[in-house]
Amino acid sequence: MSKLLKLPKVPDAHGHFGSFGGRYVPETLIQALDELEFAYKWLKKNSAFKKDVEHYLTTYVGRPTPLYFAGNLTRHFGHARVYLKREDLCHTGAHKINNTMAQALLAVYLKKKRIVAETGAGQHGVASATAARVFGLDCVVYMGEEDIHRQALNVYKMQILGAEVRPVKSGSRTLKDATNEAIRDWVTNVNSTHYLLGSCVGPHPYPMIVRDFQSVIGRETRRQFLKLTGRLPNYLMACVGGGSNSIGFFYPFLRDRVNMIGVEAAGEGLNTHHHAATMAKGVPGVLHGMKSLLLQDSDGQVELAHSISAGLDYPSVGPEHAWLKEKKRVTYVSATDSEAMRAFHLLTKEEGIMPAIESAHALAYLEKLLPKTKSTESVIICLSGRGDKDIEIVRKWDQQS
Amino acid sequence: MSAKSLESKLKSKLKSGRKLFCAFVTLGYKSLGQTHSLIRLLDRLGTDIVELGIPFSDPLADGPVIQEASEYALRKGVHPQQAFDLVKQLRMEGVTVPIIFFSYFNPIIHRGISRTVKDLKQAGFDGVLCPDLPPDEHENLSKELLRSGLCQINLIAPTTSKTRMKKIIAKSHGFIYYVSRRGVTGVQKKLDEEIRAKVEEIKGLTKLPVLVGFGVSSEDQIREINRYADGVIMGSSLISAIKSGSGRNGSLERLLSRLVKTCHG
């Protein structure tokens, strides 16, 4: 193996990733964040907790997930070998459950009886409601009224799982407002409640906690690929909304000589107002308790993101990604709605795997990346979720085009 | 006016034996004209501090009432520059009530901290309150404010430990805003029982005036709080009064005048 890259350890003691991250929250929450950070640092080294997490990941979530050599897809492009890390095979259909099971356990260790969560597409909501069942916790999920209409199936799933889905009618009535509302609930019920944040965003220590809990993806991938080929891959690729699957996938490789590409949603195009390309178009700002790149207007009001994939539809991004971009350690690119839909069909046709539209964004970049690669090289894509939830959107898209 | 002069202004009022009344108003709710006349009215009635709330798309610390006012103003196209213009105008008209720029942090960093502070100073603001900027974040805001003689108002919450209180107080000027409860802004029927003990704890640590806000909504609550605190901050209940159209027929004026009198005792 080649020499390790030098990269400082982040976040620092105050939760900063360079100039990003931190804690921009009302004073009432500082104590709770301090407690959470303290407890987490202790539990991280606690063998009973670690064993518990591992137990549930193995026997309940279905880990390790397979690393699949996509032979047909490789032949289709005729360059580097393409592998898929199959997070779509996790229980509930996406990587989200890695984090919700671990954080729900954290809540149990913290003796909290109630969890609140935000959700956009409903995947994190379903994964939270699921974890709440396992550990006997009350679960309230905040979801924008708009999203409730768009994702009726997931709303019903959460309800069957015993969660209370609270419609959010403020602001744009989408994920960003659901996040505000979940934080407001937490401020109000901070003694009894753990806020189960679903992405590597928010105030410190959340970006760190979610990254650590999702890093199981990258650790497994690294081990599996080394065992399979005896070396490291040349490229890793993953989609970036808030950035939880990508940070979990990238993190264990950050000091390796491996190229990493994060693909964000370009929606209808970077030159329109309908995209979620925070990395390409955002400027530093503060939202949801963190400083990161943020889509905003000339007055500093937060702008709405747009993507055909509800899971990428977020106007900011995890602060560690903003930092990795600044450090030039990860390259961030984008894929449009139509490129992602094309990739959805390509993977379905070639490999019989229907990806979540989120993950299809990462796949979409293959057609740009692969022509530049050699057949001796290899690319691993994090297939963060399965497409079952998106079939209705795909059907409508196909009818229109 | 310098940071010290707001403090001494507030302290001399307290010395004369009366408590402080602070009113929160949302810029542009329900119109810029109404905000203008409302601040003139508050000044005339003897209000001690006005917090001018800048509408923001994601008001994390606010409950439904102020959220709605904020959204309403944004829909009408209100933007931060109008706060500077308005206060400049008010100062020219001879309005002297201290005015605090109450804004979430993002519009401030977007405008630029130095530029914001310079504009605040020029417009005639007295200080800044940023509900999502705890003193731990070493932003240049407090430094720049101090250099310009403006106050940074900080919050202390029911969950703030004593050690932390000291840290916050060391970085505070003007007055201390005690958040009366866990939660967001809004009307509450009953006051938390621990407010008194907390306010007394803070007062044991600082000579700065300590005002209580978040959920103060009735004259009884004002009287109760003023038994131990230096004054009250009212927001949501005023916004509700504006919303229900109390602006007409002078009933808002009667309400405000009653609240100010109750507070001043």
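See the structure printed just above.
This section reports on the structure supplied with the text. As the structure is a prediction and not an experimental result, all values here were calculated from the model. (Residues numbered from 1 in each chain as written. Chains lettered and ligands numbered in written order. Predicted model: local features only at pLDDT ≥ 70, side-chain atom pairs only at ≥ 80, totals over all residues. Heavy atoms only, no water.)

1. Considering the pattern of salt bridges
Rules: Between Lys or Arg on one side and Asp or Glu on the other, a salt bridge is scored when a side-chain nitrogen of the former is within 4 Å of a carboxyl oxygen of the latter. In this text, helices come from DSSP runs of H or I with a minimum length of four residues, and strands from runs of E with a minimum of two, each type numbered from the N-terminal end. For every residue, the accessible area (1.4 Å probe, protein chains only) is compared with the maximum for its type, and the residue is labelled buried under 20%, exposed over 50%, or partly exposed between those bounds.
Following the criterion strictly, the structure yields 43 salt bridges over all chains and no others. Residue lysine 85 of chain A is joined to glutamate 220 of chain A by a salt bridge in which the shortest nitrogen-to-oxygen separation is 2.7 Å. Of the two residues, lysine 85 of chain A sits in strand β4 (residues 81-86) while glutamate 220 of chain A sits in helix α10 (residues 216-229), which places them 135 residues apart along the sequence. Neither lysine 85 of chain A nor glutamate 220 of chain A differs from the other in exposure class; each is buried. Between arginine 164 of chain B and aspartate 136 of chain B there is a salt bridge, with its nearest N and O atoms 2.8 Å apart. Remark: aspartate 136 of chain B occurs in the loop between β4 (127-129) and α7 (141-148) and arginine 164 of chain B occurs in helix α8 (residues 162-170); sequence separation between them is 28 residues. You can call aspartate 136 of chain B partly exposed: its relative accessible area is 22%. Bridged by salt links that share partners, the residues Arg23, Asp34, Glu37 and Lys41 of chain A form one connected network.

2. Section: the interface of chain A and chain B
What counts, and what does not: Should any heavy atoms of two residues lie within 4.5 Å, those residues are counted as being in contact. Note on terms: buried area is the combined drop in 1.4 Å-probe accessible area of two parts once they are placed together, counting the loss on both. Any pair of nitrogen or oxygen atoms within 3.5 Å is treated as a polar contact; in protein, a donor-acceptor pairing is required on top of that, and neighbouring residues in sequence qualify only through side-chain atoms on both sides. Residue polarity follows a fixed list, in which Ala, Val, Leu, Ile, Met, Phe, Trp, Tyr, Cys and Pro are nonpolar, Asp, Glu, Lys and Arg are charged, and the others, Gly among them, are polar.
With 36 residues of chain A at the interface, the matching set in chain B holds 37 residues. Contact with chain B buries area across many residues of chain A, yet Glu27, Arg184 and Gln301 of chain A alone supply 24% of it, more than any other trio. The interface formed by chain A and chain B includes 3 salt bridges. Lysine 176 of chain A serves as the salt-bridge partner of aspartate 58 of chain B, at 2.9 Å between the closest nitrogen and oxygen. Taken together, the connections running from chain A to chain B amount to 23 residue pairs in polar contact (both at pLDDT 80 or more). Sort the elements by how many residues they give to the side of chain A that touches chain B and helix α8 (residues 175-188) of chain A lands first, with 8 residues. Here the side of chain A that touches chain B is built from residues that sort into 12 nonpolar, 15 polar and 9 charged.

3. Side note on the environment of arginine 166 of chain A
Residues and elements named next belong to chain A. Along the chain, the position of arginine 166 falls in strand β7 (residues 164-168). Separated by 49 residues in sequence, arginine 166 and alanine 117 place their C-alpha atoms 10 Å apart. Residue contacts for arginine 166: discarding those within four places in its chain leaves Arg114, Val140, Val141, Tyr142, Met143 and Asp185. Within the local environment of arginine 166, its side chain forms a polar contact with the side chain of tyrosine 142, the two groups lying 2.8 Å apart.

Geometry only, nothing functional implied.
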